[in-house]
Amino acid sequence: AKSADKIFDEMAEFAKYAFNKSHAACYAVVSYRTAYLKAYYQEELMAATLNSFLGNLDKIPLYIEECKSLNIEILKPSINYSDTKFTVHDNKIRFGLGTIKNVGIAVIEDVVKERNENGKYESFTDFCERMVKYSINKKCLESLIKAGAFDEFGMTRATLLASFENIIDTINIS
């Protein structure tokens, strides 16, 4: 018991200068605010958390699993509804197009800008025709197809993967 008391007293003395009280108070405030957000704004907090890891795609699957454990539905990427980052719609998180590998943020900003200025994309071909003036390459298109961003147009991913290069080449020739 004497040894335990002595060790505890040394730890308590060390704690006085080892971990600043104002620092501890800041952590307490951040923890409280985060807990409040997680209790009352789960979807928004998780979308913001996912967005904070846009540059580190290895972490995204971990937080998607966390969303599933919280019963938050993750909507798949959509060329007509997704933004660059994760967004919240009807208490569901819409997958951000900027998170898809081999697709740059600048390209997706152009995709969203074009959609906002000229309306939703009507088909895969409409998308390709409208994106000719931007710097979108075949690898980027292939990645968007594989991620399911064009699923809403009713063509299978396999069909799009087999035909997208011909569609691009035809548009570029005219």
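The coordinates are above.
In this text, all values refer to a predicted model and were calculated from it rather than measured experimentally. (Residues numbered from 1 in each chain as written. Predicted model: local features only at pLDDT ≥ 70, side-chain atom pairs only at ≥ 80, totals over all residues. Heavy atoms only, no water.)

### Considerations on the pattern of salt bridges
Under the defined criterion, the tally for this structure stands at eleven salt bridges. In this structure, Lys76 engages Asp151 in a salt bridge whose closest nitrogen and oxygen atoms are separated by 3.1 Å. Taken together, the positions of Lys76 in the loop between β1 (74-75) and β2 (87-89) and Asp151 in the loop between α7 (138-147) and α8 (157-173) put the pair 75 residues apart, joining distant regions of the chain. With a closest N to O distance of 3.1 Å, Asp126 and Arg130 form a salt bridge. (Salt bridge = Lys/Arg side-chain N within 4 Å of Asp/Glu carboxyl O. Helix = DSSP H or I, 4+ residues; strand = E, 2+ residues; numbered from the N terminus.)

### Notes on the nonpolar core
Generally speaking, soluble globular proteins have nonpolar side chains that are buried together. Core analysis: the largest hydrophobic core is formed by 38 residues, its most contacted members being Ile79, Phe124, Phe127, Leu144 and Phe150. Those elements giving two or more residues to this core turn out to be α3 (42-51), α4 (60-69), α5 (105-118), α6 (124-131), α7 and α8. A per-element tally of this core places α8 first, with five residues. Excluding residues within four positions of it along the chain, Phe124 makes contact with Leu141, Ile145, Phe150, Phe153, Leu160, Phe164 and Ile167. (Core = buried A, V, L, I, M, F, W, Y, C linked by side-chain atoms within 4.5 Å. Buried < 20%, exposed > 50% of the residue type's maximum accessible area, 1.4 Å probe, protein only. Contact = heavy atoms within 4.5 Å.)

### A closer look at a nonpolar patch on the surface
A surface patch of nonpolar side chains, about 590 Å² in accessible area, is lined by Tyr32, Tyr36, Leu37, Tyr40 and Tyr41. Note on placement: Tyr32 falls in helix α2 (residues 21-40). Classification of Tyr32 as exposed rests on a relative accessible area of 60%. (Patch = residues over 30% accessible without salt bridge, like charges linked within 9 Å, V, L, I, M, F, W, Y side chains within 5 Å. Areas by Shrake-Rupley, 256 points an atom, 1.4 Å probe, with all protein chains shown as cover.)

### With respect to α6
Across the eight residues that make up α6, a large majority, six, are buried. All of the buried residues in α6 are Phe124, Asp126, Phe127, Cys128, Arg130 and Met131.

### Digging into the packing of α6 against α7
Packing of α6 against α7 brings their axes to within 13 Å, and their N-to-C directions diverge by 150°. Overall, the two elements α6 and α7 adopt an arrangement that is roughly antiparallel. By crossing handedness, the relation of α6 to α7 is classed as right-handed. Residue-level contacts link Phe124, Phe127 and Cys128 of α6 to Leu141, Leu144 and Ile145 of α7. For the contact of α6 with α7, the class distribution of residues is six nonpolar, no polar and no charged. (Axes fitted to C-alpha atoms, helices over the stretch in contact; angles between N-to-C directions. Parallel < 35°, antiparallel > 145°, perpendicular 65-115°, else oblique. Left-handed = near helix turned anticlockwise from the far one by under 90°. Nonpolar A, V, L, I, M, F, W, Y, C, P; charged D, E, K, R; others polar.)

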